[in-house]
Amino acid sequence: MYSQKVMDHFMNPRNMGSLAQPDGVGRVGNAKCGDIMQVELSIQDDVITDAKFKTFGCGAAIATSSMATELVKGKTIQEALQVTNRAVMEALDGLPPVKVHCSLLAEEALHAALWDYAQKNGLEIEGLEAPVEDIGDHH
Amino acid sequence: MKTIYFDYAATSPVRNEVFEEIKPYFSSFFGNPSSIYQLGQEAKQAIETARQTVARVLGGRTDEIFFTSCGSESDNWALRGVAEALQQKGNHIITTKIEHHAVLHTAQYLERHGFTVTYLDVDQDGLISLEELEKAITPKTILISVMAANNEIGTLQPLKEIGAIAKRHGVLFHTDAVQAVGHVPLDVEEMQIDLLSLSGHKLGAPKGIGALYIRKGTPIHPFLLGGGQEKKQRAGTENVASIVGLAKAMALAAEEMEEETARLTVLREKLINGLLEKIPHSQVNGHRTKRLPGNCNLSFAFVEGESILMLLDAAGIAASSGSACTSGSLDPSHVLLALGLSHELAHGSVRFTLGLGTTEEEVDYVLEVLPDIVARLREMSPLYEDFMKKTKEETV
Ligand SMILES: Cc1ncc(COP(=O)(O)O)c(C=O)c1O
């Protein structure tokens, strides 16, 4: 059902945990649909220096959180915005169709964390919109 | 790695005794039971002997047993066959919110075709209320369909009491006994059951064989039209080998039931109590005693079922879950939601079902590995983090 990459990121998640002093925190999803993702970012001079996640959800949800945080580390904010759900899926060698929403959730969690950072610092990030409260039903 | 199998409610391996018994029917006795020559008549005889066995185990008569291709077919046939036959009399059917989809989807199909269906609630243990059942009966009610044992939580319904109510009101009573046959005592006479569905692969017979018990005189239309098999009620050349296997498995299960129930109940209780003790914030789903001997269903707060199953699988253990992710939809199990569980706890459910091959060592192995799996996933869970922060604040 899952690719080897997905299994690897599920069994050995990268960047799991939280940061002592995150610059941006995003949490999306809900318990109703069964997936909740939280992403925390450290940002210095426009560059994401660290990223951590915590996820309540299925194997794909955990693997996409792991991969998404891995992909944005070391990137500038503008580069991180290019890390779409498609990019996360590709990096994982694909996901079963019913699990595509997990990758959307990962993208949304990243954006929510960046939005939080922008709000806290009175910044406007080009191309970033306010996070959707509940994307659980976008399937 | 050898799989440690804890999913007997999903399916079971064919028992050796059954396999040995049915082998000749694939080759030596391959005849069509409808043929008049010796080879055909031998196959015919095997089916009729099997029918006697099935009837004896259920407490019914031989001419009341009809072989089908699976439990789902039996359920479809019972509901649609009776609905069609009695539509002049009434258009109301009563069932429950926790039925298997073979019943639920058939009931919904009938709703699209002019029938009204009452879906009875269940309490937190999964039991229907007999009072509500009786209140739901109207002059238009033609059928009550209540499952004998639930496939997810193992809860056993009071069949005898339901049968008495149905009888008193002159309404037919169908029970989906797919999970019950071979595992708990059933008697269609004592329980006043008019129709009963069963399936072979839940008790050590092959997949793709089932039966419907139909009390003599029950108005019902045939389901599969064609040849004259099964007294013109269910066409199709009989699955002779599997029919023989079903009867063998039912006879064995009946003989061994008392002993096996005692053995499994001990193992089940060890598993349930051990997990409750070792894993904080966990709960049992389903009735604690009115329960299939081999069913253990628990919810673990703050974690999700599919990820538990994947880590169990990595440890060589096969189990199942009521989480949405394992059902291919966004909603978790309708059964767990009907018990009143929150979505979160329904997503965090795991079902272990024990069977003939289950040993105490296997139970011990689950007790050894599952607490670490849940702890590991809780470490990852933002919900657990919230909970820990909250308890910390409260204790400060
Ligand atoms: C309660 C119940 N009813 C019906 C069925 C369907 O049986 P079958 O798989 O033989 O179609 C099952 C099997 O999953 C079941 O557990």
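Residues numbered from 1 in each chain as written. Chains lettered and ligands numbered in written order. Predicted model: local features only at pLDDT ≥ 70, side-chain atom pairs only at ≥ 80, totals over all residues. Heavy atoms only, no water.

Engineer: Got a minute to help me understand the domain arrangement of chain B in this structure?
Structural biologist: How big an interface is tends to be stated in terms of the accessible area lost upon association of its parts. Residue and element names in this part refer to chain B. The assigned domain composition of chain B is domain 1 (4-9 + 257-395) and domain 2 (16-253). A straight line from the C-alpha centre of domain 1 to that of domain 2 covers 30 Å. In this complex, domain 1 contributes 19 residues to the contact, which on the side of domain 2 involves 27 residues. When domain 1 packs against domain 2, close to 1,900 Å² is buried across both sides, 57% of that on carbon and sulfur atoms. Together, M257, L292 and H334 form the three largest contributors to the area buried by domain 1 at its contact with domain 2, with a combined 32%. At the junction of domain 1 and domain 2, the tally comes to 0 salt bridges. Our enumeration of links across domain 1 and domain 2 arrives at 13 residue pairs in polar contact (both at pLDDT 80 or more). Of all the secondary-structure elements, those providing two or more residues to the side of domain 1 that touches domain 2 are α7 (240-278), β10 (295-300) and α10 (334-338). The leading source of residues in the side of domain 1 that touches domain 2 is α10, at 4 residues. Along the lines of polarity and charge, the residues of the side of domain 1 that touches domain 2 split into 8 nonpolar, 8 polar and 3 charged. (Domains from an automatic or database assignment. Contact = heavy atoms within 4.5 Å. Buried area = accessible area lost by both parts, 1.4 Å probe. Salt bridge = Lys/Arg side-chain N within 4 Å of Asp/Glu carboxyl O. Polar contact = N/O pair within 3.5 Å; in protein donor to acceptor, adjacent residues only side chain to side chain. Helix = DSSP H or I, 4+ residues; strand = E, 2+ residues; numbered from the N terminus. Nonpolar A, V, L, I, M, F, W, Y, C, P; charged D, E, K, R; others polar.)

Engineer: What am I meant to see in the packing of aromatic side chains here?
Structural biologist: The description of an aromatic ring pair uses the distance of the two centres, along with the angle that the planes make with each other. All names here are of chain B. Inspection of the entire model under this criterion finds 7 aromatic pairs over all chains. Ring centres of F302 and Y384 lie 5.3 Å apart, and the angle between their planes is 55°; this geometry places the pair in the tilted category. Taken together, the residues span a long stretch of sequence, with F302 in the loop between β10 and α8 (305-314) and Y384 in helix α13 (residues 382-395) at a distance of 82 residues. Centre to centre, the rings of Y384 and F387 are 6.4 Å apart; their planes meet at 20°, and the pair counts as stacked. Linking Y384 with F387, this pair stays in helix α13, spanning 3 residues, or about one helical turn. An aromatic cluster of at least three residues, connected via ring pairs, comprises F302, Y384 and F387. The ring of F19 has K23 sitting right over it, with the charged end atom 4.9 Å from the ring centre. (Phe/Tyr/Trp six-rings, centres within 6.5 Å; stacked < 30°, edge-to-face > 60°. Lys NZ or Arg CZ within 6 Å of the ring centre and 35° of its normal.)

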